[in-house]
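# Commentary on secondary and tertiary structure
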Amino acid sequence: VSALNFSLGLTLGAALFFIGAGAVHWARTLMSDVEVADDRHPIEATPEVKAQVMADFAAGAAESAIGRRKLIRNTMFGALALVPLSGVVLLRDLGPLPEKKLRKTLWAEGKQLINMNTMKPLRPEHITVGSLTFAMPEGLDPEAHDFQTQMGKAALMLVRIEPDDIKDKRQRDWAHEGIVAFSKVCTHVGCPISLYEQQTHHVLCPCHQSTFDLSDGARVIFGPAGHPLPQLRIGVNSEGNLEALGDFDEPVGAAFWERG
Ligand code: FES
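Sequence order as written defines the numbering, with residues in each chain counted from 1. Predicted model: local features are reported for residues with pLDDT of at least 70 only, side-chain atom pairs are reported and counted for 80 or more only, and whole-chain, interface and lining totals are derived from all residues. Only hydrogens and water are set aside; all other atoms, that is, all heavy atoms of the structure, feed into the side-chain values.

## Details of the sheet that holds strand β5 (residues 195-197)
Any two strands between which DSSP finds at least two bridges are classified as paired. The way it works is that DSSP assigns letters per residue, a run of H or I at least four long becomes a helix, a run of E at least two long becomes a strand, and they are numbered from the N terminus. What the four strands build is an open sheet, ordered β5-β6-β7-β8; its pairing is antiparallel. For this open sheet the edge positions go to β5 and β8 (219-222), each flanked by a neighbour on one side alone. When the angles between neighbouring strand axes are averaged without regard to direction, this sheet yields 30°. Where β5 lies against strand β6 (residues 202-204), three bridges are found, and the strand directions are antiparallel. Paired with Tyr-196 across the bridge in β6 is Val-203. To define axes, lines are fitted to C-alpha atoms, for helices over the stretch in contact only, and angles between the resulting N-to-C directions are given on a 0 to 180 degree scale.

## A word on the domain arrangement of the chain
The source of the domain bounds is an automatic or database domain assignment. With domains assigned, the chain is organised as domain 1 (44-95) and domain 2 (113-259). Each of domain 1 and domain 2 has a C-alpha centre, and the two are 57 Å apart.

## Things to note about the sheet that holds strand β9 (residues 231-232)
Backbone hydrogen bonds hold the strands of a sheet together, and the pairing may be parallel or antiparallel. With respect to topology, five strands assemble into an open sheet ordered β1-β2-β3-β4-β9, the strand pairing being antiparallel. Two strands lie at the open edges of the sheet, namely β1 (113-115) and β9, each paired on one side alone. Contacts were defined at the residue level, with two residues in contact if any of their heavy atoms lie within 4.5 Å. Where helix α5 (residues 147-154) meets the sheet, its contacts fall on β2 (133-137) and β3 (156-160), and the angle it forms with β2 comes to roughly 125°.

## Some words on the packing of aromatic side chains
Stacked, tilted and edge-to-face are the three classes applied to pairs of Phe, Tyr and Trp rings, where Trp contributes its six-membered ring and a pair requires centres within 6.5 Å; stacked means planes under 30 degrees apart, edge-to-face means over 60, and tilted covers the rest. Tallied over the full model, the rule gives one aromatic pair. Charge-over-ring contacts are defined here by two conditions on Lys NZ or Arg CZ: a distance within 6 Å of the ring centre and an angle within 35 degrees of the ring normal. Residue placement shows Arg-170 over the ring face of Trp-174; its charged tip is 4.1 Å from the ring centre. Here the guanidinium or amino end of Lys-184 rests over the ring plane of Phe-134, the centre of that ring lying 3.8 Å away.

## A word on the side chain of Asn-241
For Asn-241, the location among the structural elements is in the loop between β10 (234-236) and β11 (242-244). Looking at Asn-241, its side chain comes within polar contact range of the side chain of Gln-112, at 2.8 Å. Excluding anything up to four places from it in sequence, Asn-241 contacts Gln-112, Pro-121, Leu-122, Arg-123, Gly-235 and Val-236. N or O atoms closer than or at 3.5 Å make up a polar contact, with two conditions inside protein: a donor-capable atom paired with an acceptor-capable one, and, for residues adjacent in sequence, both atoms drawn from side chains.

## Some thoughts on the pattern of salt bridges
Criterion for a salt bridge: a side-chain nitrogen of Lys or Arg within 4 Å of a carboxyl oxygen of Asp or Glu. If you walk through the whole model with that rule in mind, you get six salt bridges. Of the charged contacts in the structure, one is a salt bridge between Lys-167 and Asp-213, with a shortest N-O distance of 3.4 Å. One end of the pair, Lys-167, is in the loop between β3 and α6 (169-174); the other, Asp-213, is in strand β7 (residues 211-213), and 46 residues separate them in sequence. Here the term buried applies to any residue with accessible area under 20% of the maximum for its type, exposed to any over 50%, and partly exposed to those in between, with areas from a 1.4 Å probe on protein chains only. The exposure class of Lys-167 is exposed, given its relative accessible area of 52%. Here Lys-169 and Asp-173 are joined by a salt bridge, their closest N and O atoms 2.8 Å apart.

In structure tokens form, the structure reads like this:
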């Protein structure tokens with residue numbers, strides 16, 4: 001087998017070499033190297049030529065008798081109309097439709113915010129000025145098989161901002177004593193946001209440097225992201241722990257098909 005492979009490789013190499021050598025020889029000795037100018041001419045056909053083409057087409061159609069053989073003609077058109085259906089069958093192989101799965105996260109009214117470092121419920125006093133705190137919804141089991149999927153949608157970051165520094169009125173209403181909660185998932189292509197600049201309240205996505213202003217509705221102030229970060233409305237429950245008052249105001253993640 002190895003001798004056969006060796007001789008195949010050798011003969012294939014020799015064949016390619018001689019084809020190349022022949023092409024070079026053709027170009028150097030047989031092809032003319034005189035430059036020939038070919039003036040442009042009108043591309044549009046003359047009326048006579050057009051009339052001739054139409055006459056030929058009509059004659060060809062008449063000869064084929066397609067007009068008279070209705071069964072053949074109709075089955076041919078029917079078959080052509082059915083061809084696109086094969087694409088539908090191919091697309092079905094991509095799996096079930098996502099339906100509402102991409103629009104919803106595990107956040108819901110009354111779900112407590114769990115600190116991702118301590119795995120304990122967060123209280124307002126745990127959120128200090130100048131720090132970025134990450135949270136996940138209560139009841140999300142790190143051992144569960146879909147933990148990464150759920151976490152990828154529900155990951156939350158919290159910062160405390162002087163209420164007077166919050167420019168957006170709705171954002172102020174959705175905060176609790178200056179604590180604002182936004183999705184941690186960048187709206188460009190979904191990297192986790194991780195850098196916070198306390199003086200400006202800007203957060204930076206390390207992947208392509210999109211920068212969001214958390215004091216102004218997480219508006220994009222730099223970079224390729226096309227949308228602000230979705231906000232989560234938060235409050236405090238009877239035990240004094242931070243809780244969600246609903247789901248995010250918009251689908252999280254990579255611009256979500258322009259939020260369609
Ligand atoms: S994923 Fe955040 S800027 Fe690209």
